[in-house]
Amino acid sequence: MDAVSTAAVRAVEVGSATSGGRLLELIRTGAARTRRELLEHTGLSRSTVAVRVEQLLAAGFVREVATETGARGRPTARLAFNQRHGLVLGADLGARHARATVSDLAGAHLAERTVALRITDGPDACLGWLQESWQAMLRDVGSDVPPVVGAGVGVPGPVDVETGRPVRPPIMPGWHDYPIKERLEEALGVPAFVDNDANLMALGEYLAAPTSSTSLLFVKVATGIGAGVIVNGQLVRGRHGGSGDIGHVRIADDGDGPSCACGARGCLAASASGGAIARALAEEGLPVSTSREAVDLARAGDPRAVALVRRSGLQIGDVLAAAVSLLNPGALVVGGDVIRAQEHFMPALQERLHQRTQPLATQDLQVSTSVLGDGAGVAGAVAMVVEAVYSAASVDLALAGAA
C-alpha cells in the first residue's frame, strides 16, 4: 500500500464506528462475544465484520476460545480480547512508599516489588528505582513473554495527563513540571502515562468491584488526603488535573489551624490526614512517625489515637458532605492507611455525612472501604495503560500501519 492509500485508510477508518478498533472495544469490554453479536451492535454487513475480525485475529488483538452452542444447535466461536498480547509496567509512588509491577493486560501481576521510598527524595531517586525495578522484574519473568506495550505511574499530586508532568504538587518538592512521561518513554521505548494516585485508585476500585452505578467518589486518607471522581464510567480530572484535591479545602478561617504542606493554614489535610494524626501523637510523646503507625496505634486501642482517628472521620465527613451533595454519586469508597482502623473512622465519617446532607443525596449511596487496599493504585495504572493502548483509535492506527 502506498503512502496516499495508507493515509486514505487512516482518514476513513481511525475513530470510525465501523473500524476494527471499534469492534475490539466491543469485544474487550464484553459488549460483544461473537461475530453475530458484533453484527447486532454495529449493523455492519457480515462480510465487513468478517474482514475486521480477521484483521484483529491476525494482529493478535483477539483470540477465538471455547465454543458456545447457537440457537440452531451449531457451535459458535467465541471471541475474546487477547490478554497476553502484551505486558504493562505499573507503579504507585506514594509519599513514603513505592510499588512497581509487571502485569498482563488483565492486571494479573507476573512480578511485584515494594519499597519504603520518600517522594521527597526527588524524581531521580524515585524514577531511578522504578526503572531499575522494572528492568530487574522483566529479566526475572524471562524471555517467553509478550512485549511491553506501555507503562503507567501514579503520583501523590496533581498531574497534567496530556504532558505527564506534575503541577505544583504540595508534598512533592522538586517535581513541579518534571517530564516523567518523556523520561520513561525515552528509557523504555513504549508509551508512558502518568496520573494522580487517587484518580488511579478510583479507577482500580471502580473496575474491581463494579456496581450498578456508573459514578464513584474515591477518597484516599494516608499521609495526605486526595480524591478521585468517576462520572458515567469516566475519570473526571478537571482542566489542569486538579480535580479531587480535597486535602486543601480550608476547614478553618485564614490564619487559624495548623500549617499545611501547601503553605496555607487550616487545610483539611493539615488536621485530618494520617500524617497530621501522626504529628499530633508525636507531639504527645508517642513513638509515631508515619500515617500507618498512627492508624495502627488506634487499631490497637490507644485512646489518644482513637480520638484523633474519629475526629479525622468527622472532619473529612464534613467536606465529603458537600462533594456528595454536589455529585450525588452511587458509591463512596475510602482507601489509604485509615481503613486499617475503619472501625473508628468509618462510623464517624458516615455520622457526619448524614448530618450534613439531605436524605436524597445519600438515599442509595453505597459507602464502603477499598477492596484492593494497597494494590488499588497499580491496578488503576495498568487499566489506564490498557484503555489508552487498546483504544479504538490506537488499534486502528496499528491496523492501518500493518496494512
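Residues numbered from 1 in each chain as written. Predicted model: local features only at pLDDT ≥ 70, side-chain atom pairs only at ≥ 80, totals over all residues. Heavy atoms only, no water.

Our next topic: the overall build of the protein chain. When its secondary structure is counted, the protein chain shows 15 helices and 14 strands. The C-alpha atoms of the protein chain give a radius of gyration of 23 Å, which matches the 22 Å a tight globule of 403 residues would have. For the protein chain, the spread of C-alpha atoms along the three principal axes comes to 75 × 50 × 35 Å. Burial statistics for the protein chain: of 403 residues in total, 49% are counted as buried. Long-range contacts, defined here as pairs at least 24 residues apart, represent 61% of the contacts in the protein chain between residues at least 6 apart. Carbon and sulfur atoms form 49% of the exposed surface of the protein chain, whose accessible area is close to 18,300 Å². Looking at charge distribution, the protein chain has the averaged site of its 36 positive side-chain charges lying 4 Å from that of its 42 negative ones. (Helix = DSSP H or I, 4+ residues; strand = E, 2+ residues; numbered from the N terminus. Rg over C-alpha atoms; globule rule 2.2 N^0.38 Å. Buried < 20%, exposed > 50% of the residue type's maximum accessible area, 1.4 Å probe, protein only. Contact = heavy atoms within 4.5 Å. Areas by Shrake-Rupley, 256 points an atom, 1.4 Å probe, with all protein chains shown as cover. Lys, Arg positive; Asp, Glu negative; His and termini not counted. Charge placed at Lys NZ, Arg CZ, Asp CG, Glu CD.)

Turning our attention to the environment of G224. Structurally, G224 is set in the loop between β10 (216-221) and β11 (225-231). Given the relative accessible area of 23%, G224 is considered partly exposed. Remark: the alpha-carbon pair of G224 and G142, spanning 82 residues in sequence, is separated by 38 Å.

This paragraph deals with the pattern of salt bridges. By the definition in use, this model includes 19 salt bridges. We note a salt bridge from R292 to D337, for which the minimum N-O separation is 2.9 Å. With a gap of 45 residues between them, R292 in helix α10 (residues 291-299) and D337 in the loop between β13 (331-335) and α12 (342-355) connect regions that are remote in the sequence. Under the relative-accessibility criterion, R292 is labelled partly exposed at 28%. (Salt bridge = Lys/Arg side-chain N within 4 Å of Asp/Glu carboxyl O.)

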